[in-house]
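Structure assessment
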Amino acid sequence: MSTKLTESVIFEKSVEGHVGTTFSVKPGAANHIPEEFRRRSPLNLPQVSELDVVRHYTRLSQLNFSIDTNFYPLGSCTMKYNPKINDKAAALPGFASIHPYQPEETVQGAMALFHELEGMLCEITGMNAFSLQPAAGAHGELAGIFVIRAYHLSKGRQRKKVLVPDSSHGTNPSSAKLGGYEVVTIPSGADGCVDVAALEKALDEDVAAIMLTNPNTVGLFEKDIIQIGKMVHAKGGLLYYDGANLNALLGLARPGDMGFDVMHVNLHKSFSTPHGGGGPGSGPVGVKKELEEFLPVPRIVQKEGRFFWDYNRPKSIGRVRCFYGNFGVLVRAYTYIRAHGAEGLIRIATGAIVNANYLKAQLKENYTDPYPGPCMHEFVLSGDQQKALGSSARDVAKRLLDYGFHSPTIYWPQIVKECIMIEPTETESRQTLDSFIMAMNKISVEIKENPEQMKNAPFDMPIQRVDEVKAARDLDIRFVKKD
Ligand SMILES: *Cc1c(COP(=O)(O)O)cnc(C)c1O
C-alpha cells in the first residue's frame, strides 16, 4: 500500500474480547434489571479497545475535508469561514441547555434573540416580517410557496402556475411542485439573465409567482429586476426571492426594495453556520406586510416588555416544523450579524464580489468565460476547451482534490456546457486565491499534455473515482465480516 491515509470501518477492527471500558462491572449487576427488559441476543457492536476507538475516529477526522482545513469554492453554497465565536455563543449554557417545552417566562432571553434576529433580517432584506421556523433554504421555499398559495386563495384566486428560470436551483421547481403548482420554465437570454420577452409570453392571470435568485446562479445581477417585478405584479402574481445568494448583497441592496414579496434566507450560508456535511441549517421565511398574516405559527410577539408565542393567527399556513426553528443556528447568525454590524455586512458583500472578480479575471485565460464582464460573488466558467481535448469539467474538479482544494460546483446550472461554478467568498486571502489560480492553470496544462490520464484523477486521494449514485440508489449499510 501507498502512504495514502486510509481507514477501514470500525467493525473490521473488532477482535473478540476487546473492551473499551476500564472500570469493572460487578458480575451480578445485570440482575438488578428485570428479566423482561434484558437483552435476548448479544448486541452487534464492534469489540474494540478505547485506543482503537480514539485512533479510528481521529484518523477519520483527518480524512475530512473542511473549510477549517482547505479552500472550498463550492459555487452557490457560500462555504466561508465560520468564526468560532458563533459556536461559543451557541454553546453558552443559557442557550444550549434550555428546552423548547420550558415556560415562556423562563426563556425570555432566548425569545428576545428570536425577536431581535427577526428584526435584523427585516432590516437587511427590506421585508416586513420573518418567521424563523423553516429548517433550511428548501424548507423556507416550501413555506413561502404555501404563503403565496394562502394569499391567492384568500383573494379567491385559484392560480395554477409558478415560473422559474432555467438557471434556477432544483429546489425552486421542487418547492413549487410540492406546493401544488405546475412549474413553467423561463429561458435565460444569451447574457445569462431572465429573458424578459420570454417572461412576457409566459405571464398570465394563472401565474401565482415567479421564483428568482438575485444575483442569479451564474453570478449575475438581474438587471431587469424592477421591470420584471412590475410585469409580474401587473398580472396579480408575486415575486419569490431565493436568498441563497444574499451574501453578495448584504448592506448593498435589498430584495424587498427590488419588488420581492416573499423570500427565505439561508442563515447557514450568508450568516455563517458550518454546513455542507448535512448539519442543521436554517431558512427563515420573510414577507411583505400584506402577507404577514399567513406566516407559520407561532409568531413571537412582545407585550409590555415580555415575549409570548402567539398561536392565534387564523389565516396562518400553520406549523412547518416542530417547536421554533434550529435554535443553535439562529444564535450563530445573531452573533455573526452583531459582531459585524452594518458596516461589517457591507464589507462581507464587497469582499465576496472583489474576490470572485479577481478569480474570474485570472482564470478566463485557460477556461471559457461564457458571460464576459464583471460578476457578483460567484461566476461560472465552461470546461468546453478541456472537453474538446478529451477531458472534462469533472476531471478538472477531481484533479483539484490532489492540489488540496475542494471541487467547485460542476454541471450546474445546466444552461452552461461543462459548467464550473466558483464562489470564493470574502474570507479567503489573496494568497489562497493565487494558489487556486495556479492549480487551475496547471490542470489546464496537464489536460493539454495528457487528457486521457486526467480521466483517472485524483491520484493522491485515499480513493480515486467512486460510483456517484450507487450509495443513493443501492444503499446497503450492513457490515458483513470477511474472514
Ligand atoms: C443552497 C441553495 C438552495 C437550497 O438551500 P438549502 O439550505 O440547501 O435547502 C436553494 N437555492 C439556491 C440557489 C441554493 O444555492
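Residues numbered from 1 in each chain as written. Predicted model: local features only at pLDDT ≥ 70, side-chain atom pairs only at ≥ 80, totals over all residues. Heavy atoms only, no water.

1. What to know about the overall build of the protein
The cut-off we apply is this: Numbering of helices and strands runs from the N terminus; a helix is a DSSP stretch of H or I covering at least four residues, while a strand is a stretch of E covering at least two. Put simply, the radius of gyration uses C-alpha atoms, and a globule should come to 2.2 Å times the residue count raised to 0.38. Accessible area is worked out with a 1.4 Å probe on protein chains only. A residue is then buried under 20% of its type maximum, exposed over 50%, and partly exposed in between. Here the accessible surface of atoms and residues is derived via Shrake-Rupley with a 1.4 Å probe, and residues count as covered only by protein chains that are part of the display. Here Asp and Glu are counted as negative and Lys and Arg as positive; His is not counted, and neither are the chain ends. Just so you know, the charge point we use is NZ for Lys, CZ for Arg, CG for Asp and CD for Glu.
Each helix and strand in the protein was counted, giving 16 helices and twelve strands. Taking 2.2 N^0.38 as the reference for a compact globule, 483 residues should give roughly 23 Å; the C-alpha atoms of the protein span a radius of gyration of 25 Å, in line with that estimate. Referenced to the eigenvectors of the C-alpha coordinate spread, the extents of the protein come out at roughly 75 × 70 × 40 Å. Counting over 483 residues, the protein shows a buried share of 48%. Total accessible area on the protein stands at roughly 23800 Å², and carbon and sulfur atoms take up 55% of it. Taking the average location of the 53 positive side-chain charges in the protein and that of its 54 negative ones, the two points are 3 Å from each other.

2. Some words on the nonpolar core
A general trend in soluble globular proteins is that nonpolar side chains are found buried together. The line we're drawing: Only buried Ala, Val, Leu, Ile, Met, Phe, Trp, Tyr and Cys residues count toward a nonpolar core, and they belong to the same one when joined by side-chain atoms within 4.5 Å. Between two residues, a contact is recorded if the distance between any of their heavy atoms is within 4.5 Å.
Counting 60 residues, the largest nonpolar core has Leu-117, Leu-199, Leu-267 and Phe-271 as its most contacted members. The element contributing the most residues to this core is helix α11 (residues 327-363), with twelve residues. If we skip the residues at most four places from it in the chain, Phe-271 touches Leu-121, Ile-124, Leu-246, Leu-250, Val-265, Asn-266, Arg-332, Ala-333, Tyr-336, Ile-337 and Leu-345. Grouped together as the second largest cluster of nonpolar side chains are 23 residues, Tyr-367, Ile-420, Met-440 and Ala-457 included.

3. Describing the layout of surface pockets
Stated formally: The definitions used throughout rest on a 1 Å grid laid over the protein atoms alone, on which a cavity is an enclosed set of points accommodating a 1.4 Å probe that cannot get out and a pocket is an open set flanked by protein within 12 Å on both sides along at least five of seven lines; lining residues are those having an atom within 4 Å of a point. Grid points are joined across faces, edges and corners, and a volume is the space filled by probe spheres set on the points. Ten residue types, Ala, Val, Leu, Ile, Met, Phe, Trp, Tyr, Cys and Pro, are classed as nonpolar, four, Asp, Glu, Lys and Arg, as charged, and the remainder, Gly among them, as polar.
Empty space within the largest pocket amounts to approximately 700 Å³. What lines the largest pocket is a set of 25 residues, among which Leu-63, Phe-65, Leu-401, His-406 and Met-461 lie closest to the centre. A per-element tally of the lining of the largest pocket places helix α13 (residues 393-402) first, with four residues. Classifying every residue of the lining of the largest pocket gives twelve nonpolar, eight polar and five charged. By volume, the second largest pocket amounts to about 460 Å³. Together, 14 residues line the second largest pocket, and Glu-7, Val-9, Glu-12, Ile-463 and Asp-476 are the ones closest to its centre. Of the residues contributing to the lining of the second largest pocket, the split by class is eight nonpolar, two polar and four charged.

4. Overview of the site of the ligand
Basically, it comes down to this: Any residue with a heavy atom lying within 4 Å of a molecule or strand is counted as near it. Under the rule applied, a polar contact is a pair of N or O atoms within 3.5 Å (in protein, one hydrogen donor and one hydrogen acceptor; residues adjacent in sequence only if both atoms are side-chain atoms).
Neighbouring residues of the ligand: Ser-76, Ala-136, Gly-137, Ala-138, Glu-141, His-169, Thr-171, Asp-242, Ala-244, Asn-266, His-268 and Lys-269. Gly-137 places a main-chain nitrogen or oxygen 2.8 Å from an oxygen atom of the ligand. Across the complex, the protein chains shield 86% of the 380 Å² of accessible surface that the ligand would expose by itself. Of all elements in the fold, only α5 (137-154) and α10 (267-270) reach the threshold of two or more residues within the shell around the ligand. Top contributing element to the shell around the ligand by residue count: α5, with three residues.

5. Quick word on the pattern of salt bridges
The test is simple: Salt bridges are defined by distance alone: a side-chain nitrogen of Lys or Arg within 4 Å of a carboxyl oxygen of Asp or Glu.
Within the structure shown, the criterion is met by 27 salt bridges. Across the pair Asp-402 and Arg-399 runs a salt bridge whose closest N-O atoms are separated by 2.6 Å. Note that Asp-402 and Arg-399 are positioned in helix α13 at a spacing of three residues, about one turn of the helix. A relative accessible area of 12% means that Arg-399 is categorised as buried.

6. Here we look at the sheet that holds strand β1 (residues 129-131)
Quick reminder of the rule: Here the rule is simple: two strands pair whenever DSSP picks up at least two bridges between them. Only C-alpha atoms enter the line fits that serve as axes; for helices the fit covers just the stretch in contact. Angles between N-to-C directions range over 0 to 180 degrees.
The strand order across the open sheet built from seven strands is β1-β7-β6-β5-β4-β2-β3, with neighbouring strands paired in mixed fashion. The sheet is open, and its two edges are formed by β1 and β3 (182-186), each paired on a single side. Neighbour-to-neighbour, the strand axes of this sheet turn through a mean angle of 25°, independent of strand direction. Relative to β3, strand β2 (residues 161-165) is paired through five bridges, and the arrangement is parallel. The partner of Val-162 across the bridge, within β3, is Val-183. Packing of helix α8 (residues 225-234) onto the sheet brings it into contact with β4 (207-212) and β5 (238-243), and relative to β5 it is tilted by some 135°.

7. Details of the domain arrangement of the protein
The criterion, for reference: Domain start and stop points were drawn from an automatic or database domain assignment.
For the protein, the assigned domains read domain 1 (10-62), domain 2 (84-339) and domain 3 (350-472). Once you take the C-alpha centre of each, domain 1 and domain 3 turn out to be 45 Å apart.

8. Points about α11
To be explicit about the condition: Helix span, as expected, comes to 1.5 Å for every residue beyond the first. A residue's bend is simply the angle between two axes: one fitted to the seven residues ending at it, one to the seven starting at it.
Between its first and last C-alpha, α11 extends only 40 Å over 37 residues, short of the 54 Å set by a 1.5 Å rise per residue. At Gly-341, α11 is deflected by roughly 100°, the largest bend along its length.

9. Here we look at the packing of aromatic side chains
The cut-off we apply is this: Any two of the Phe, Tyr and Trp rings considered here, Trp counted by its six-membered ring, make a pair once their centres fall within 6.5 Å; the pair's planes then place it as stacked at under 30 degrees, edge-to-face at over 60, or tilted in between. To sit over a ring, a charge needs its Lys NZ or Arg CZ within 6 Å of the ring centre and within 35 degrees of the ring normal.
In total, this model carries 14 aromatic pairs according to the counting rule given. Between the aromatic rings of Phe-71 and Phe-436, the centroid separation amounts to 5.2 Å while the plane-to-plane angle is 80°, which identifies the pairing as edge-to-face. Here Phe-71 is found in the loop between α1 (50-63) and α2 (84-90), whereas its partner Phe-436 is found in helix α14 (residues 430-449), with 365 residues between them in sequence. Look at Phe-71 and you get buried, because its relative accessible area is 3%. Assessed through its relative accessible area of 0%, Phe-436 is described here as buried. The structure contains a cluster of three or more aromatic residues connected by ring pairs, namely Phe-95, Tyr-101, Phe-114, Trp-309, Phe-323, Tyr-324 and Phe-327. The ring of Tyr-181 has Arg-149 sitting right over it, with the charged end atom 4.9 Å from the ring centre.

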